[in-house]
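# Survey of secondary and tertiary structure
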Amino acid sequence: MTPREIVAELDKYVVGQDAAKRAVAIALRNRTRRQRLAPELAEEIMPKNILMIGSTGVGKTEIARRLAKLTNSPFLKVEASKFTEVGYVGRDVESIVRDLVEIAIDMVREEKLEEIEDRAELAAEDKLLELLMQVSVGVVGDAKEAHSTQSPEARKDGLPETVAAPKTEAEKTREREKLRVQFREGRLDDRMVDVETRDRQAPQIEVISNLPPEEMDQRGDMGGLQSMLAGMLGQRTRKRPMKVSEAFEYMTQEEEGRLLDMDQVVRAAVERVEDSGIVFLDEIDKIAGREGGHGPDISREGVQRDILPIVEGTTVNTKYGMVTTDHVLFIAAGAFHVSKPSDLIPELQGRFPIRVELKALTVQDFLRILTEPRASLVRQAIALLETEGLKLEFTTEALEEMARFAFQVNESTENIGARRLHTILEKVLDEISFAAPDLVKGNGAADGAKVPKLEERELQAKSGEKTVERVLVVDRAYVDQQVAGIVKNQDLSRYIL
């Protein structure tokens, strides 16, 4: 995708913030350009990491997340404040890379499973049909034995002599295809079969170590021991009765596991992390500062120094092998209300050459956020109430009033950006959401609810017949009724909105 196309795609989900969108679009395009160069030169070109500066709720995280989805890149969002310098309680910064590799492996595994899904289902179907054939042979065998113990006179009135005759290959094939048709039509779903299952639980091991369990598992210490012991002890198998539908699902998973080459998955995942991984470092302003090393803030500069090697490029040991971070794109973000980007240590500042400031949202931005994105808040609310059979509609004036209220509360209290709209909208729809089922049924229980009356509208159907549609219209007066009193009372809005 060209930078212009990337920005156009981001516009479908994030309102405004053109400077930030342009910066990430260029960074993404530079990746594609680097991959087209000769390997010697490509190795030298480092990613241009981005530092986004802006208050909460203006779209920093959403831009990074949508960017990763566009490119199908492994994406990890972490808070910088989770980490502490070596020697203090907290997460090790190398876990960023290990988590990113796990995400990439899940992505590649899903892609590979989609490729082999049809083959796995066909193989599982064949195995299941063999099992069903054996069941039918067993039933015939029992009937044959009972038939052979009968007297000749009884046989004349009992089972036919053909029961004992062995089936030819052609007959078996016909029977299998007949069963296949019945299975695909779902007529055999409730039939019971005995399936041989393997115990998937690995032996539990306790290892005494100064590392936390998740850290040991990511390094491969625990996983290696458990897989080795599981191989030595073997896996127990036992027969379990299952419905045909459940047995097919289980057998499909078994076939997928057999067909999937995990070594290939791991190689592709590690390569994807190294070439196109994206790490979003949120709250980087919380670790900004170069204090003298006294008191509770002692770890701030230490965390920055620990993060520095990961950002500038290093090799991290994971349970899947060594992973280099030279070409991983880092997008850092922070509000920087108290601290400034210049409070970061110089080495870390230099690793984020592109800096973009995200603007505070205006009333017009709030209005666009309510209506323009593909999954806008208004569309979500309408869709949720449609599941109850209630058709909801917002007037333009009502939307403008909600946008104005959101902006006003952000100005007078804490500025939490677009997240304020969630609170305003929920407050507006509080009574409607509660009374929705009763409104649809015409139940008297909804009479006491302070909700607008349902409007009846005539609709012209394609067949020419006229139908009546009942719509609940949210207008400006209703929005004022629900929210205005709280917005005016600043002490109350501080807690409720």
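Placed above this text is the structure.
Please read these numbers as outputs of a predicted model, since none were measured by experiment.

Our next topic: the side chain of Arg 29. Among the secondary structure elements, Arg 29 is positioned in helix H2 (residues 18-35). For the buried residue Arg 29, which engages in no salt bridge, the nearest side chain bearing the opposite charge is Glu 5, 6.3 Å off.

Next up on the list: the sheet that holds strand E9 (residues 354-357). Spatially, 5 strands are ordered E2-E5-E8-E1-E9 in an open sheet, and the strand pairing comes out parallel. Bordering the open sheet on either side are strand E2 (75-79) and E9, each of which pairs with just one other strand. Geometrically, the sheet is characterised by an average inter-axis angle of 20° between neighbouring strands, direction not taken into account. By the bridge criterion, 5 bridges tie E2 to strand E5 (residues 278-282) in an arrangement that is parallel. If you follow Glu 79 over to E5, its bridge partner there is Asp 282.

Where helix H1 (residues 3-11) contacts H2, the axes come no closer than 9 Å and their chain directions differ by 130°. Judged by the angle between their axes, H1 and H2 are oblique. In terms of crossing hand, the pair formed by H1 and H2 is right-handed. Counting all contacts with H1, which are made through Pro 3, Ile 6, Val 7, Leu 10 and Asp 11, the residues of H2 involved are Lys 21, Arg 22, Val 24, Ala 25, Leu 28 and Arg 29. Each residue belonging to the contact of H1 with H2 can be placed in one class, and the counts come to 7 nonpolar, no polar and 4 charged.

A few words now on the packing of aromatic side chains. All chains considered together, the criterion is met by 1 aromatic pair. Consider the rings of Phe 183 and Phe 248, whose centres lie 5.1 Å apart with planes at 65°: the pair is edge-to-face. With Phe 183 in helix H7 (residues 169-184) and Phe 248 in helix H10 (residues 244-259), this pair connects stretches of sequence that are 65 residues apart. Taken individually, Phe 183 and Phe 248 each receive the classification buried, so the pair is uniform in this respect. Between Arg 66 and the ring centre of Tyr 13, over which it is positioned, the NZ or CZ distance is 4.0 Å. Above the face of the Phe 405 ring, Arg 404 is positioned so that its terminal group lies 4.9 Å from the ring centre.

Our focus in this paragraph is the layout of surface pockets. In this structure, the largest pocket spans a volume of roughly 1,000 Å³. If you trace the largest pocket, you find 39 residues lining it, with Thr 56, Gly 57, Val 58, Gly 59 and Arg 419 closest to the centre. Those elements that provide at least two residues to the lining of the largest pocket are helix H4 (60-71), helix H15 (377-386) and helix H17 (419-441). The element best represented in the lining of the largest pocket is H4, accounting for 5 residues. Looking at the lining of the largest pocket residue by residue, the class counts come to 13 nonpolar, 13 polar and 13 charged.

With that out of the way, let us pick up helix H11 (residues 262-276). Between its terminal C-alpha atoms H11 stretches 20 Å, which fits the 21 Å expected from 15 residues at 1.5 Å a residue. When H11 is considered as a whole, its buried residues turn out to be Val 265, Val 266, Ala 269, Val 270, Val 273 and Ser 276. Sitting at the amino-terminal end of H11 is Asp 261, which places a side-chain oxygen 3.2 Å from the backbone nitrogen of Asp 263.

Turning our eyes to something else, we now look at the pattern of salt bridges. Going through the model one piece at a time under the given rule, you end up with 28 salt bridges. The partner of Arg 305 in a salt bridge is Glu 301, and the shortest N-O contact between them spans 3.0 Å. Of this pair, Arg 305 and Glu 301 both sit in helix H12 (residues 299-312), 4 residues apart, which is roughly one turn of that helix. Arg 305 gets classed as partly exposed once you look at its relative accessible area, which sits at 41%.

About the cut-offs
- Residues numbered from 1 in each chain as written.
- Predicted model: local features only at pLDDT ≥ 70, side-chain atom pairs only at ≥ 80, totals over all residues.
- Heavy atoms only, no water.
- Helix = DSSP H or I, 4+ residues; strand = E, 2+ residues; numbered from the N terminus.
- Buried < 20%, exposed > 50% of the residue type's maximum accessible area, 1.4 Å probe, protein only.
- Lys, Arg positive; Asp, Glu negative; His and termini not counted.
- Salt bridge = Lys/Arg side-chain N within 4 Å of Asp/Glu carboxyl O.
- Pairing = 2+ DSSP bridges.
- Axes fitted to C-alpha atoms, helices over the stretch in contact; angles between N-to-C directions.
- Parallel < 35°, antiparallel > 145°, perpendicular 65-115°, else oblique.
- Left-handed = near helix turned anticlockwise from the far one by under 90°.
- Contact = heavy atoms within 4.5 Å.
- Nonpolar A, V, L, I, M, F, W, Y, C, P; charged D, E, K, R; others polar.
- Phe/Tyr/Trp six-rings, centres within 6.5 Å; stacked < 30°, edge-to-face > 60°.
- Lys NZ or Arg CZ within 6 Å of the ring centre and 35° of its normal.
- 1 Å grid on protein atoms, 1.4 Å probe; cavity = no way out; pocket = protein on both sides within 12 Å on 5 of 7 lines; lining within 4 Å.
- Points joined across faces, edges and corners; volume = space filled by probe spheres on them.
- Expected span 1.5 Å × (residues − 1).
- Polar contact = N/O pair within 3.5 Å; in protein donor to acceptor, adjacent residues only side chain to side chain.

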